[in-house]
Amino acid sequence: MKKISIEDIVAVTGAKLLASCENENAITGVKHDSRECGEGDLFVAIIGGVQDGHKYIPQVLAAGCRSVLVSHTNGWLDEIDEADRDNINIIMVDDTVYKMGELAKWYLDGLGIKKIAVTGSVGKTSTRDMIYFALSEKYNTGKNLKNFNNDIGLPISIFQFDENTEAAVLEIGMNHFNELSRLTRIIEPEIAVITNIGVAHMENLGSRDGIFKAKMEITEALASKAQGGTLVYARDEEFLNGERTAGDYDQVSVGTNGHSDYIISDIDDFGLEGIEFNLEHNEQVYRVKLPVAGLHNATNAAIAIAVAQLAGVSIEDAIRGLGKVNLTGSRLKKVSGKNVTVIDDTYNANPDSMKSALRVLEKTKAKGKRVAILGDMYELGDNEAKQHFGVGIFARNCQIDTLISIGELGKNISDGANGGGLTVKHYDTKEEMIAEMKSLIHSGDVILVKASRGLHLEDIVKEVAAI
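Residues numbered from 1 in each chain as written. Predicted model: local features only at pLDDT ≥ 70, side-chain atom pairs only at ≥ 80, totals over all residues. Heavy atoms only, no water.

### Describing the overall build of the protein
And step 1. Tallying secondary structure elements over the protein gives 16 helices and 22 strands in all.
And step 2. A compact globule built from 467 residues would reach a C-alpha radius of gyration of about 23 Å, and the protein, at 24 Å, matches this within 12%.
And step 3. Taken over the C-alpha atoms alone, the protein extends approximately 75 × 55 × 40 Å along its principal axes.
And step 4. When burial is assessed residue by residue, the protein has 55% of its 467 residues classed as buried. (Helix = DSSP H or I, 4+ residues; strand = E, 2+ residues; numbered from the N terminus. Rg over C-alpha atoms; globule rule 2.2 N^0.38 Å. Buried < 20%, exposed > 50% of the residue type's maximum accessible area, 1.4 Å probe, protein only.)

Written out as structure tokens, the structure reads:
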């Protein structure tokens, strides 16, 4: 991170400086986790639904931190000795999260780098990672830390960049209206990406039309056409089709449709070993090899190539970068156990990604059986039971041997899969399934494990891999 003066922090955030430290008039890091805070850092005290970060201020001061961004002095200030208060920069604002975002916006603007923002119902983190690797063939590129894509994580990620950073690809997430509007205004991207319009967060947004409207907030601070602003998206017939996405910016589409700017065709699926596909652009055809499982990743990779080319990277270099991709988190990752192979896709789940993972399972070579362990998918709204049932019907038509469902909503997956010729089992809890695991899993099996993050099925991954 570039050094930021306390004077600039106060000016940018409109803060009141309650106390100042003579020996430290600048910061070299921004943290919101008190356990990671130390010398040179600005600690941002955040009031959450359960915890008030202000109570950890004595702890961060003991660790050497001398600058704090606060919204009140109740309680914690009384724990600081009067003499020590002259050695602290206490920066008072009305809303620490919002003001941290304003500071991050100012900081990012000052770097003068290429800025790409990525959102979508499914695949935004994978697409972000692919864009990162494609851009990295030419530029010193930054991206979000882990999956830090909200109003806290995005600013924290931005503060990791420094004067050597030349491009940044930033994923932004949402589950309510106006969230993307806020985040995209922090970034002010030259290129915005929408991977798709799915059903994730239907519970909060009401319909796919609502989801589309919320995702389009990413264009609110997109650079204008005159400034080179471009929206890149995976073309579909209902939402992302050029007409509904129109605005004062250029548009670039990818897809299997012949009307797309980048046309995907001839996909070969090698299961866990990855995919290959043809990509046609401007009447030239390129063969893309991707070491990432899943047919759906052809679209994500095509988006990455389109973005990279807009940013000045040749298609050939972008394809070379994609050959080095390593995705963040547990996304269709191969875990080699003692006697089995596990496909760990426990990062998150919705109906589209669940079906894609099942396709990977059926394409993966197995000496034994192909087993899917699937659990609850959250935030699907009033149709959640139907959505789970639909995944079961889909699984019924896949070339797999066993489906095991877990959780109250997961029961609907089993109900949909029954009658299709595969073995179907249901457990109310993961603990019940683990107790019977050795009778369900055998040497040579390939096992897919997937559910929404809140179900913590990574516990099953560990147990199964140890068989």
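Now, onward.
### A word on the layout of surface pockets
And step 1. Computed from the structure, the second largest pocket encloses a volume of approximately 620 Å³.
And step 2. Looking at the second largest pocket, it is lined by 26 residues, and the ones nearest its centre are Thr195, Asn196, Ala234, His296 and Thr299.
And step 3. When grouped by side-chain class, the residues that make up the lining of the second largest pocket number nine nonpolar, twelve polar and five charged. (1 Å grid on protein atoms, 1.4 Å probe; cavity = no way out; pocket = protein on both sides within 12 Å on 5 of 7 lines; lining within 4 Å. Points joined across faces, edges and corners; volume = space filled by probe spheres on them. Nonpolar A, V, L, I, M, F, W, Y, C, P; charged D, E, K, R; others polar.)

### Examining helix H11 (residues 351-363)
And step 1. Between its first and last C-alpha, H11 extends 19 Å over 13 residues, near the 18 Å set by a 1.5 Å rise per residue.
And step 2. For H11, the full list of buried residues reads Pro351, Ser353, Met354, Ser356, Ala357, Leu358, Val360, Leu361 and Glu362.
And step 3. On the buried face of H11, the contacting elements are strand E18 (341-345), strand E19 (370-375), helix H12 (384-396), helix H13 (411-417) and strand E22 (446-450). (Expected span 1.5 Å × (residues − 1). Contact = heavy atoms within 4.5 Å.)

### Thoughts on the sheet that holds strand E2 (residues 16-19)
And step 1. On the basis of which strands lie adjacent, the open sheet formed by five strands has the order E2-E7-E6-E5-E4 and mixed pairing. The sheet is open, and its two edges are formed by E2 and strand E4 (29-31), each paired on a single side. Pairs of neighbouring strands in the sheet enclose a mean axial angle of 25 degrees, with direction left out of account.
And step 2. Here three bridges tie E4 to strand E5 (residues 41-44), and the two strands are oriented parallel to one another. For Val30, the partnering residue across the bridge sits in E5 and is Leu42.
And step 3. Along the sheet, helix H1 (residues 6-13) contacts E2, E5, strand E6 (67-70) and strand E7 (89-92); its crossing angle with E7, the most-contacted strand, is approximately 10 degrees. (Pairing = 2+ DSSP bridges. Axes fitted to C-alpha atoms, helices over the stretch in contact; angles between N-to-C directions.)

### A closer look at the packing of helix H3 (residues 96-111) against helix H6 (residues 179-187)
And step 1. H6 packs onto H3 with a crossing angle of 35 degrees between their chain directions and a minimal axis gap of 7 Å. Residues Tyr98, Gly101, Glu102, Ala104, Lys105 and Leu108 of H3 touch H6, and the partners they reach there are Arg182, Arg185, Ile186 and Ile187.
And step 2. Looking at the contact of H3 with H6, its residues break down into five nonpolar, one polar and four charged.

### Remarks on the nonpolar core
And step 1. Ranked by size, the top nonpolar core spans 50 residues in total, and within it Leu42 and Ile158 carry the most contacts.
And step 2. The element best represented in this core is H3, accounting for seven residues.
And step 3. Apart from the residues lying within four places of it in its own chain, the contact partners of Ile158 are Ala104, Tyr107, Leu108, Leu170 and Ile186.
And step 4. Formed by 42 residues, the second largest nonpolar core is a distinct cluster that contains Leu135, Ile191, Val307 and Ile315. (Core = buried A, V, L, I, M, F, W, Y, C linked by side-chain atoms within 4.5 Å.)

### Examining the state of the cysteines
As used here, a disulfide is simply a covalent bond connecting the sulfur atoms of two cysteines.
And step 1. If you walk through the whole model with that rule in mind, you get zero disulfides.
And step 2. Note on Cys21: no disulfide assigned, nearest cysteine sulfur contributed by Cys65 at a separation of 10 Å.
And step 3. Not part of a disulfide, Cys37 finds its nearest cysteine sulfur in Cys65, a span of 3.8 Å. (Disulfide = S-S within 2.5 Å.)

### Considerations on the packing of aromatic side chains
Here the distance between the centres and the angle between the planes together describe a pair of aromatic rings.
And step 1. All chains considered together, the criterion is met by three aromatic pairs.
And step 2. Ring geometry for Tyr107 versus Phe159: centroids 5.6 Å apart, planes at 50 degrees, classification tilted. Here the residue Tyr107 occupies a position in helix H3, and Phe159 occupies one in the loop between helix H5 (153-158) and strand E10 (167-171), the gap between them amounting to 52 residues. As far as burial versus exposure is concerned, Tyr107 and Phe159 are alike and both buried.
And step 3. Ring plane angle 90 degrees and centroid distance 5.3 Å describe the contact between Tyr132 and Phe133, whose orientation is recorded as edge-to-face.
And step 4. Assessed through its relative accessible area of 22%, Tyr132 is described here as partly exposed.
And step 5. In this structure, Arg182 packs its charged tip against the face of Tyr98, placed 3.9 Å from the ring centre.
And step 6. The lysine or arginine in question, Arg331, covers the ring of Tyr347, its NZ or CZ lying 3.5 Å from the ring centre. (Phe/Tyr/Trp six-rings, centres within 6.5 Å; stacked < 30°, edge-to-face > 60°. Lys NZ or Arg CZ within 6 Å of the ring centre and 35° of its normal.)

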